[in-house]
Amino acid sequence: MKRVLLVASECVPFIKTGGLADVVGSLPKYFDKTKYDVRVMLPKYLCIKEEYRSQMKYITHFYTDFCFRNQYVGILEMEYQGVHFYFIDSEFYFGGPWPYSNMYEDIEKFSFFSKAVLSSLPLIGFRPDIIHCNDWQTGLVSVYLNDSFQGDPFFRGIKTIFTIHNLKFQGTWAIDTIRYMTGLSDYYFTNDKLESYNNGNLLKGGLVYSDIITTVSKTYAEEIKTSFYGEGLDGLLRARSNSLYGIVNGIDYSFYNPETDPDIAVCYSSEDFVEKKAKNKAALQRELGFEENPKAFMLGIVSRLTDQKGFDLIDCVMEQICAEDVQLVVLGTGERRYEDMFRYYADKYSDRVSANIYYSEPMSHKIYASCDAFLMPSLFEPCGLSQLMSLRYGTLPIVRETGGLRDTVEAYNEVDGSGTGFSFANYNAHEMLSIINYAKKVFYNDKAAWTTMQKRAMEKDFSWNSSAREYEKLYDKLLDPSGDKEDETNML
Ligand code: ADP
Ligand code: GLC
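Counting of residues starts from 1 at the beginning of each chain's written sequence and follows it residue by residue. A letter from A marks each chain and a number from 1 marks each ligand, given out in the order of writing. With the structure being a predicted model, the display of local features is reserved for residues of pLDDT at least 70 and the display and counting of side-chain atom pairs for 80 or more, all residues being used for whole-chain, interface and lining totals. Values reported for side chains reflect all heavy atoms of the structure, with hydrogen atoms and water molecules removed beforehand.

Draft legend 1. Here's a closer look at the packing of helix α11 (residues 311–321) against helix α12 (residues 336–348). Where α11 contacts α12, the axes come no closer than 11 Å and their chain directions differ by 25°. Taken as axis vectors, α11 and α12 run roughly parallel relative to one another. Seen from above, α11 lies across α12 with left-handed handedness. Contacts from F311, D312, I314, D315, M318 and E319 of α11 reach α12 at Y338, M341, F342, Y345 and K348. Basically, the charged four are Asp, Glu, Lys and Arg, the nonpolar ten are Ala, Val, Leu, Ile, Met, Phe, Trp, Tyr, Cys and Pro, and anything else, Gly included, counts as polar. When its residues are assigned to classes, the contact of α11 with α12 shows 7 nonpolar, no polar and 4 charged. Note on geometry: axes are C-alpha line fits, over the in-contact stretch for helices, and angles between N-to-C directions span 0 to 180 degrees. Numbering of helices and strands starts at the N terminus; helices are DSSP runs of H or I of at least 4 residues and strands are runs of E of at least 2. Roughly parallel here means an angle under 35 degrees, roughly antiparallel means over 145, roughly perpendicular means 65 to 115, and every remaining angle is called oblique. By convention, the crossing between two helices is left-handed when the near helix turns anticlockwise from the far helix through less than a right angle, and right-handed when the turn is clockwise. Contact between two residues is taken to exist if any of their heavy atoms lie within 4.5 Å; hydrogens are not considered.

Draft legend 2. Seen up close, the site of ligand 1. Neighbouring ligand 1 are 23 residues; G19, R304, K309, Y368 and L385 lie closest to it. Between D22 and ligand 1, the recorded distance is 2.9 Å, taken from a side-chain N or O atom to an oxygen atom. The definition of a polar contact used here is a pair of N or O atoms within 3.5 Å, where within protein one atom must be able to donate a hydrogen and the other to accept one, and adjacent residues in sequence count solely through side-chain atom pairs. S360 is positioned with one of its backbone polar atoms (N or O) 3.0 Å from a nitrogen atom of ligand 1. Coverage of ligand 1 by the protein chains reaches 93% of its 570 Å² of free accessible surface. Ranked by the residues each element gives to the shell around ligand 1, the list is headed by strand β13 (residues 297–305), at 3 residues. Looking at the shell around ligand 1, its residues break down into 9 nonpolar, 9 polar and 5 charged. It suffices for a single heavy atom of a residue to lie within 4 Å of a molecule or strand for the residue to be listed as near it. All accessible areas in this document rest on Shrake-Rupley with a 1.4 Å probe, and a residue is counted as covered only by the protein chains that are shown.

Draft legend 3. Representation of helix α4 (residues 103–120). The end-to-end C-alpha distance of α4, which contains 18 residues, comes to 25 Å, matching closely the 26 Å that a straight helix rising 1.5 Å per residue would cover. Within α4, 15 of the 18 residues are buried, which leaves the element mostly enclosed by the surrounding structure. To estimate the expected span of a helix, count its residues, drop one, and scale the result by 1.5 Å. Using a 1.4 Å probe on the protein chains alone, a residue whose accessible area is under 20% of its type maximum counts as buried, one over 50% counts as exposed, and one in between counts as partly exposed.

Draft legend 4. Inspection of the domain arrangement of the protein at higher detail. Domain limits in this description derive from either an automatic procedure or a database domain assignment. Each domain of the protein was delimited in the assignment, giving domain 1 (2–250 + 465–490) and domain 2 (273–461). Regarding the contact of domain 1 and domain 2, the summed buried area is about 1400 Å², with carbon and sulfur atoms giving 57% of it. By buried area we mean the combined loss of accessible area, with a 1.4 Å probe, across both parts when two parts are placed together. Per-residue buried area on domain 1 facing domain 2 is highest for K16, T219 and Y229; these three make up 28% of the total on that side. Salt bridges, as used here, are contacts in which a Lys or Arg side-chain nitrogen is within 4 Å of a carboxyl oxygen on Asp or Glu. If you look at where domain 1 meets domain 2, you find 1 salt bridge. Between E361 and K16 there is a salt bridge; the shortest N-O distance is 3.7 Å. The interface formed by domain 1 and domain 2 holds 10 residue pairs in polar contact (both at pLDDT 80 or more) in total. Broken down by element, the side of domain 1 that touches domain 2 gets its largest block of residues, 4 residues, from helix α8 (residues 218–223). Class assignment of the residues belonging to the side of domain 1 that touches domain 2 gives a composition of 7 nonpolar, 9 polar and 6 charged.

Here is the structure:
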């Protein structure tokens, strides 16, 4: 049995701000349980719903020196849908109303978490062969493991994997501050280790000290080796390219399932979606106060409202997107200027633009189920899960060809009728607009091609089935490097 500990700052159903939570919450369910014991360790935030907190069982607690204070560290555990979860308790650090606050506080909080993860291992009766970390919040796990923990034989030989979900966020701050908070010595703050452009950088620590680096699509794994996508770390990623793998995310097919989804008006499958998806569309049109019109081209957006997701392109041509034959429904929160932009247009065109500036899981499902197309013109997209959810619900994605969007959405080809959506290459608002208009043309003038694509999209398999196998192969390779001498490439 191979033992793996996934460590992350968020995970459904406990706490979610983005796709990372979906991944950490669903991937562990899909490993071969006869060969891999994959458990998950998370912070026990006070803002986790009481419904879950009340099910957590106390294991033990201890005190650790951190940031010149003696800190309480509690360890709790819980079994959920067949997966074993551990929670690190510290009301001092995890007591806020939201998992993240400002970068300065977050760096201290997650440095504490990374150290506490390691310190708790000898006390939980589970010694992982591999610690699998995710994003900058867990960047210091492999650094601490390499540092003081090597003095203890318990920790020697534990391997580490670091998965990049988003290279944009790195956890950087002045070196003096990070050195003070983390207790790491000067040795670590040189440009081949945690120093990056004169600052300390926690993500870089994870990239330098982990045995293997992965990211969440093959295209993003290539893109981050270039200066455009590399966020200043492309040189390091090129240097580590022999240890860098791209494994595309999946989604939880039991949760995002139009056949059983309790949040949508009428459930449907790839056999009967034409009529039943129309009923969902009518229900959402009623709910939003739009005209109940099956012919209107209903376009959906569910997203964090940030530059990453291409909202400046949308801003540029919003007037044209909101044409009379379009109904646009947006669900998202984020940067004020984009929230205001959608509010403005929802006010101006209240019959056909709906701005839902809040977070709601049920509303997101209604949008995935009801719309004809889903817009996601990202500037960069490590993987993207929203387009996978849209595909699963037969809502055709319109995407920019970058990262995971490029790897998961196949552009419509009118010559042979193939494809599962629409895409454009350049980060250009008019290129995006012309592809939206092209999708509209196909929707209005070639219903047969549109429904064939919908069916194909629904039948694509973006569950974890194949990607979990790829992680298993990577775990095997890490624990037995001699086992696959044949495998010269890092495309598993
Ligand atoms: P990212 O992680 O970069 O935000 P992903 O596409 O990987 O993007 O994942 C986004 C996840 O968050 C999806 O599950 C999406 O449905 C969800 N989501 C984003 N905004 C909202 C919102 N306002 N309400 C409900 N779900 C949302
Ligand atoms: C990040 C990325 C997104 C990815 C998600 C899960 O939030 O922005 O593209 O799908 O992580 O890996």
